[in-house]
Amino acid sequence: MDTRLNTNDVYMARALELAQRAAEAGEVPVGAVIVKNGEVIGEGYNQPISSTDPTAHAEIIAMRNAAAFVNNYRLTGSDLYVTIEPCTMCVGAMVHARIRRIIFGAVEARAGALKSQLQLMDGDYYNHVIDWHGGVLADQCGAVMLDFFREKRK
């Protein structure tokens, strides 16, 4: 049996590390990594509380960092890995950035904008369509969220 991690698992594992940093800071534990041509070009984790910025989701921060890295607001050819299914705001920003693919871990039952609540990539109303799939390290990604909120309720 081959026990090596596939590429998606490797990048999602890094996103999980970033989610843990968010949790340690008291933020909802979401982490994101942007990859282009096999190179990580941007990373982020949730920081809306500490930055007093409601847009400081992991995905947005990762896109800001990636855009600065490539010196372009378009991130064509890039894949975004995120521990939790993105929200409407983040999917919209990804469309504007021209992200190629979204790979997420666990579904977000309340606010997921690809599968759970809205299916934003299923319509024909955007001028850019992003390929996506979920379920990469879903159990681990979901556990990080469950553990975080379990601790908050104590």
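Keep in mind that this is a model prediction, so the values were computed, not measured.

Chemist: Would you take a moment to explain the pattern of salt bridges for this structure?
Modeler: Pairing between side chains becomes possible if they bear opposite charge and their charged atoms approach one another. The tally for this structure, following the rule as stated, stands at six salt bridges. Put simply, Arg14 and Glu43 hold a salt bridge, and the shortest N to O gap is 2.8 Å. One end of the pair, Arg14, is in helix α1 (residues 7–24); the other, Glu43, is in strand β2 (residues 39–45), and 29 residues separate them in sequence. Classification of Glu43 as partly exposed rests on a relative accessible area of 25%. Among the salt bridges present, the one from Arg64 reaches Asp53, with a minimum N-O distance of 3.6 Å. Within this pair, whereas Arg64 is found in helix α3 (residues 58–70), its partner Asp53 is found in the loop between α2 (48–51) and α3, the two being separated by 11 residues in sequence. Within this structure, Arg14, Glu17 and Glu43 form a network of salt bridges that share partners.

Chemist: Just checking my understanding: could you explain unusual backbone geometry for this structure?
Modeler: A negative phi angle characterises most non-glycine residues, just as the trans form characterises most peptide bonds. Although it is not a glycine, Arg98 adopts a positive phi angle of roughly 65°. Looking at the element boundaries, Arg98 is found in the loop between α4 (88–97) and β4 (101–106). The exposure class of Arg98 is buried, given its relative accessible area of 17%. At Leu137, a residue that is not glycine, the phi angle is positive and equals roughly 50°. Since its relative accessible area comes to 18%, Leu137 is described here as buried.

Chemist: I tried to follow the side chain of Ser78 on my own but got confused; where do I start?
Modeler: Of note, Ser78 is situated in strand β3 (residues 78–84). Here the side chain of Ser78 touches Leu75 through a polar contact of 2.9 Å, landing on its backbone oxygen. For Ser78, the contacting residues outside a window of four places in its chain are Ile34, Val35, Lys36, Ile41, Ile99, Arg100 and Arg101.

Chemist: Just checking my understanding: could you explain the state of the cysteines for this structure?
Modeler: Each disulfide consists of a covalent bond between the sulfur atoms of two cysteine residues. Following the criterion strictly, the structure yields zero disulfides and no others. Of all cysteine sulfurs, the one in Cys87 lies closest to Cys90, which takes part in no disulfide; the gap is 3.7 Å. Overall, the relative accessible area of 0% leaves Cys90 in the buried class. Residue Cys141 stays outside any disulfide, its sulfur separated by 15 Å from that of Cys90, the closest cysteine. Of the residues examined, Cys141 reaches a relative accessible area of 1% and is grouped as buried.

Parameters and conventions
- Residues numbered from 1 in each chain as written.
- Predicted model: local features only at pLDDT ≥ 70, side-chain atom pairs only at ≥ 80, totals over all residues.
- Heavy atoms only, no water.
- Salt bridge = Lys/Arg side-chain N within 4 Å of Asp/Glu carboxyl O.
- Helix = DSSP H or I, 4+ residues; strand = E, 2+ residues; numbered from the N terminus.
- Buried < 20%, exposed > 50% of the residue type's maximum accessible area, 1.4 Å probe, protein only.
- Polar contact = N/O pair within 3.5 Å; in protein donor to acceptor, adjacent residues only side chain to side chain.
- Contact = heavy atoms within 4.5 Å.
- Disulfide = S-S within 2.5 Å.

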